[in-house]
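# Descriptive structure summary
For reference, the chains in residue letters:
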Amino acid sequence: MARDYAETVKGDLAPLGRALPADTVPFLDLSPSHEALSPAIVEEISDLVRSGRFIGGPQVASFEAAFAAYCGTSHCVGLASGLDALRLALVVVGLEPGDEVIVPAATFVATMEAVTQAGGRPVLVDVQESDYCIDVDAAASSVTPRTRAIMPVHLYGQMADMRRLLAVAGQAVAVIEDACQAHGASRDDFRAGTGGLAGAFSFYPAKNLGAFGDAGALVTDDLELAEQVRALREHGQRAKYRHEWEGYTARLDTIQALVLLHKLPLLDAWNDARREAARLYLEALDGVGDLVLPPVAPGSTPVWHLFVVRTKDPAAMAEHLDRRGVSTGRHYPEPPHRSRAYAWLGHVEGSFPVTERLSAEAISLPIFPGITESQIAGVVDAIEDYFRDG
Ligand SMILES: *Cc1c(COP(=O)(O)O)cnc(C)c1O
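This one's a predicted model, so the numbers in the text were calculated from it and none came from an experiment. Note on numbering: residues in each chain are counted from 1, in written sequence order. The predicted origin of the model limits local features to residues at a pLDDT of at least 70 and limits the giving and counting of side-chain atom pairs to 80 or more, whereas totals for whole chains, interfaces and linings rest on all residues. Each side-chain value is worked out from all heavy atoms of the structure, with water and hydrogens disregarded.

Okay, the overall build of the protein next. Only DSSP runs of H or I covering at least 4 residues are called helices, and only runs of E covering at least 2 are called strands; the numbering of each starts at the N terminus. Secondary structure summary: the protein contains 14 helices and 14 strands in total. Its C-alpha radius of gyration of 21 Å places the protein within 12% of the 21 Å reference for a compact globule of 390 residues. When its C-alpha atoms are laid out on the principal axes, the protein stretches across 65 × 55 × 40 Å. The cut-offs for exposure are 20% and 50% of the maximum accessible area for each residue type, with area from a 1.4 Å probe on protein chains only; residues under the lower value are buried, those over the upper are exposed, and the others partly exposed. Every one of the 390 residues in the protein was classed for burial, and the buried ones make up 55%. Sequence separation of at least 24 residues holds for 70% of the intrachain contacts in the protein that already meet a minimum separation of 6. Per-residue and other accessible areas follow the Shrake-Rupley method at a 1.4 Å probe size, with only the shown protein chains counted as cover for residues. Within the structure as shown, the protein displays about 16200 Å² of accessible surface, and the carbon and sulfur contribution to it stands at 52%. Our radius of gyration is a C-alpha quantity, and the globule rule it is checked against amounts to 2.2 Å times the number of residues to the power 0.38. The contact criterion used throughout is that any non-hydrogen atoms of two residues lie within 4.5 Å.

Below, the structure is given as structure tokens:
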């Protein structure tokens, strides 16, 4: 059966020291990425345990400096999750009741949670077929005097059209990028997370850059914003026990910073490996059955967080692939506006046709650094059989 992220990470990882049967393809296997790194990381974790310094420390500062340099921003603030990065950026923007934040309807629910938890009202717009990211024209026509921010989501690892979005936002509306699926992606002259006021990253283990648990970061060129988020992550204090704002517990753990410091230098190579896997899929699956292959916009260099194809009956395909030992995912079977959590927004079925088509038809194929050519060939074979037999 198709699995969601959380189940995937728990269920589909190769058990330590035990190889998966040769003919199965997990949806995600982190072990090829971790193999060479693990001994050094484990040793540093032992040192950390001996030192007892689990909060802050040079690991956090070093990772922040390294990730800011990687993105090309002046500042990076390490946080406990991607949601914290999105939410705290909006808290600093300062939303009054009734203030609106424009978000794409096709996203992981955290984008919505950030808006409502920061006191704003999410204004949803559809995504476009050309990149599955926010429809720029729809965003433009949704701007009102109450619009305080636009939060484009770089879905599946491909950036939204930042050049046109920034023009739509102008000076009065903040652009906060949800770059949680797009570490290292670029489009036109923009690098993920760096075009607007701030960029939010998640280091959830399954992301292109993943920690050994939950972690996140905000990147920005705005010193004031960085300092305020730095305070907010630690109960609103700049100096110990001087609380300037009502804050949160949202720090990046030392242990996660340590892990991320080891992994960041490999991110570009891992993204290259994903690109190669995507290239093989795109070549082999062209014209197979009714598949709609993932669109890549001109000027865009995605990092293939997910490889999402569309077909009429993704559940049937998932079941067929599962019988063949190939695990798949659905991203996302229920768009936020159709969820119980956001029913109060009152969006009926049909409100966002592209998003709804995507959620009805999308199935995510295995993609991760270290996936082998024969695993990809196995997935392709199983898909070809599905259309031949079906
Ligand atoms: C993963 C993700 C988030 C949230 O990240 P967490 O670290 O789980 O809070 C936000 N937006 C998108 C698009 C994501 O994929």
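All right, on to the nonpolar core then. The biggest cluster of nonpolar side chains holds 83 residues, and the ones touching the most others in it are Phe67 and Phe203. Here this core gathers at least three residues from each of two domains, domain 1 (2-29 + 266-388) and domain 2 (40-264). Each residue touching Phe203, except ones within four places of it in the same chain, is listed here: Phe63, Phe67, His183, Leu209, Gly210, Ala211, Gly213, Ala215, Gly216, Ala217 and Leu260. Definition of nonpolar core: a set of buried residues of the types Ala, Val, Leu, Ile, Met, Phe, Trp, Tyr and Cys, connected through side-chain atoms within 4.5 Å. Among the nonpolar cores identified, the runner-up in size contains 34 residues, and Leu83, Leu88, Ala149 and Ala174 belong to it. Bear in mind that the domain bounds are from an automatic or database domain assignment.

As a further point, take the site of the ligand. The near set for a molecule or strand comprises every residue that places at least one heavy atom within 4 Å of it. For the ligand, the full set of nearby residues is Ser81, Gly82, Leu83, Thr107, Phe108, Ala110, Val153, Asp178, Cys180, Gln181, Ser202 and Lys207. N or O atoms closer than or at 3.5 Å make up a polar contact, with two conditions inside protein: a donor-capable atom paired with an acceptor-capable one, and, for residues adjacent in sequence, both atoms drawn from side chains. Between the ligand and Gln181 there is a distance of 2.8 Å, counted from an oxygen atom to a side-chain nitrogen or oxygen. In this structure, an oxygen atom belonging to the ligand sits 2.6 Å away from a side-chain N or O atom of Ser202. Within the shell around the ligand, the residues separate by chemical class into five nonpolar, five polar and two charged. Gly is put with the polar residues, along with every residue not named as nonpolar or charged; the nonpolar set is Ala, Val, Leu, Ile, Met, Phe, Trp, Tyr, Cys and Pro, and the charged set is Asp, Glu, Lys and Arg.

Quick look at the pattern of salt bridges now. Definition used for salt bridges: Asp or Glu carboxyl oxygen within 4 Å of a side-chain nitrogen of Lys or Arg. If you walk through the whole model with that rule in mind, you get 22 salt bridges. For the salt bridge of Asp47 with Arg50, the shortest nitrogen-to-oxygen distance reads 2.6 Å. On the criterion of helical spacing, the pair formed by Asp47 and Arg50 is a turn pair, its members being three residues apart in helix α3 (residues 38-51). The salt bridge involving Arg279 is made with Glu283; its shortest N-O contact spans 3.0 Å. Of the two residues, Arg279 and Glu283 are both situated in helix α11 (residues 267-285); the distance of four residues between them amounts to about one turn of the helix. Residue Glu283 is classed as exposed on the basis of its relative accessible area of 57%. One salt-bridge network, held together by shared partners, links Glu129, Arg310, Arg357 and Glu361.

Glancing now at the environment of Leu79. Relative to the assigned elements, Leu79 resides in strand β1 (residues 75-79). Between the C-alpha atoms of Leu79 and Gly287, which are 208 residues apart in sequence, the distance is 43 Å. When neighbours within four sequence positions are excluded, Leu79 is seen to be in contact with Asp84, Ala85, Leu88, Ala215, Gly216, Ala217, Leu218, Val229, Arg233, Ala250, Arg251 and Leu252.

Its domain assignment divides the protein into domain 1 (2-29 + 266-388) and domain 2 (40-264). If you average the C-alpha positions of domain 1 and of domain 2, the two centres end up 24 Å apart. If you look at the interface, domain 1 gives 41 residues, while domain 2 gives 40 residues. When domain 1 packs against domain 2, the two sides together hide about 3500 Å² of surface, and 58% of this comes from carbon and sulfur. At the boundary of domain 1 with domain 2, the tally comes to two salt bridges. With its nearest N and O atoms 2.6 Å apart, the salt bridge here joins Arg357 to Glu129. The interface formed by domain 1 and domain 2 contains 25 residue pairs in polar contact (both at pLDDT 80 or more). Elements with a minimum of two residues in the side of domain 1 that touches domain 2: α1 (5-11), α11, β12 (300-301), β13 (307-310) and α13 (353-361). Accessible area that two parts lose when put together, with a 1.4 Å probe and added across both, is what the buried area reports.

Each pair of packed helices can be summarised by the angle the axes make with each other and by the distance between the axes. The axes are straight lines fitted to the C-alpha atoms, using for helices just the contacting stretch, and the angles between their N-to-C directions are given from 0 to 180°. Look at helix α12 (residues 314-323) against helix α14 (residues 373-389): their axes get within 10 Å of each other, and the N-to-C directions meet at 125°. The orientation of α12 with respect to α14, classified from their angle, is oblique. The two elements α12 and α14 meet at a crossing, and its hand is right-handed. Seen from α12, the contacting residues are Ala316, Met317, His320 and Leu321; seen from α14, they are Val379, Ala382, Ile383, Asp385, Tyr386, Phe387 and Asp389. Should an angle fall under 35 degrees it is called roughly parallel, over 145 degrees roughly antiparallel, and 65 to 115 degrees roughly perpendicular, with every other angle called oblique. Crossing handedness follows the turn of the near helix against the far one: under a right angle anticlockwise gives a left-handed crossing, and clockwise gives a right-handed one.

The next thing to look at is the packing of aromatic side chains. For this analysis, a ring pair means two rings from Phe, Tyr or Trp (six-membered ring only for Trp) whose centres lie within 6.5 Å, classed as stacked if their planes differ by under 30 degrees, edge-to-face if by over 60, and tilted for the remaining angles. Throughout the structure, instances matching the rule amount to 11 aromatic pairs. Each member of the aromatic cluster is reached from another via a ring pair, and the members are Phe63, Phe67, Tyr70, Phe201 and Phe203. Lying over the aromatic face of Tyr70, Arg191 brings its terminal NZ or CZ to 4.6 Å of the ring centre. Remark: a charge is flagged as sitting over a ring if the NZ atom of Lys or the CZ atom of Arg is within 6 Å of the ring centre and within 35 degrees of the ring normal. Directly above the ring of Phe108 sits Lys207, whose terminal nitrogen or CZ lies 6.0 Å from the centroid.

Quick look at the sheet that holds β12 now. In sheet architecture, strand pairing relies on hydrogen bonds along the backbone and comes in two forms, parallel and antiparallel. By this definition, two strands are paired if DSSP reports at least two bridges between them. Taken in spatial order, the three strands make up an open sheet running β7-β6-β12, and their pairing is antiparallel. Strands with a single pairing partner mark the edges of an open sheet, and in this sheet they are β7 (190-191) and β12. The pairing of strand β6 (residues 186-187) with β7 spans two bridges and is antiparallel. Looking at the pairing, Ser186 lines up with Arg191 of β7.

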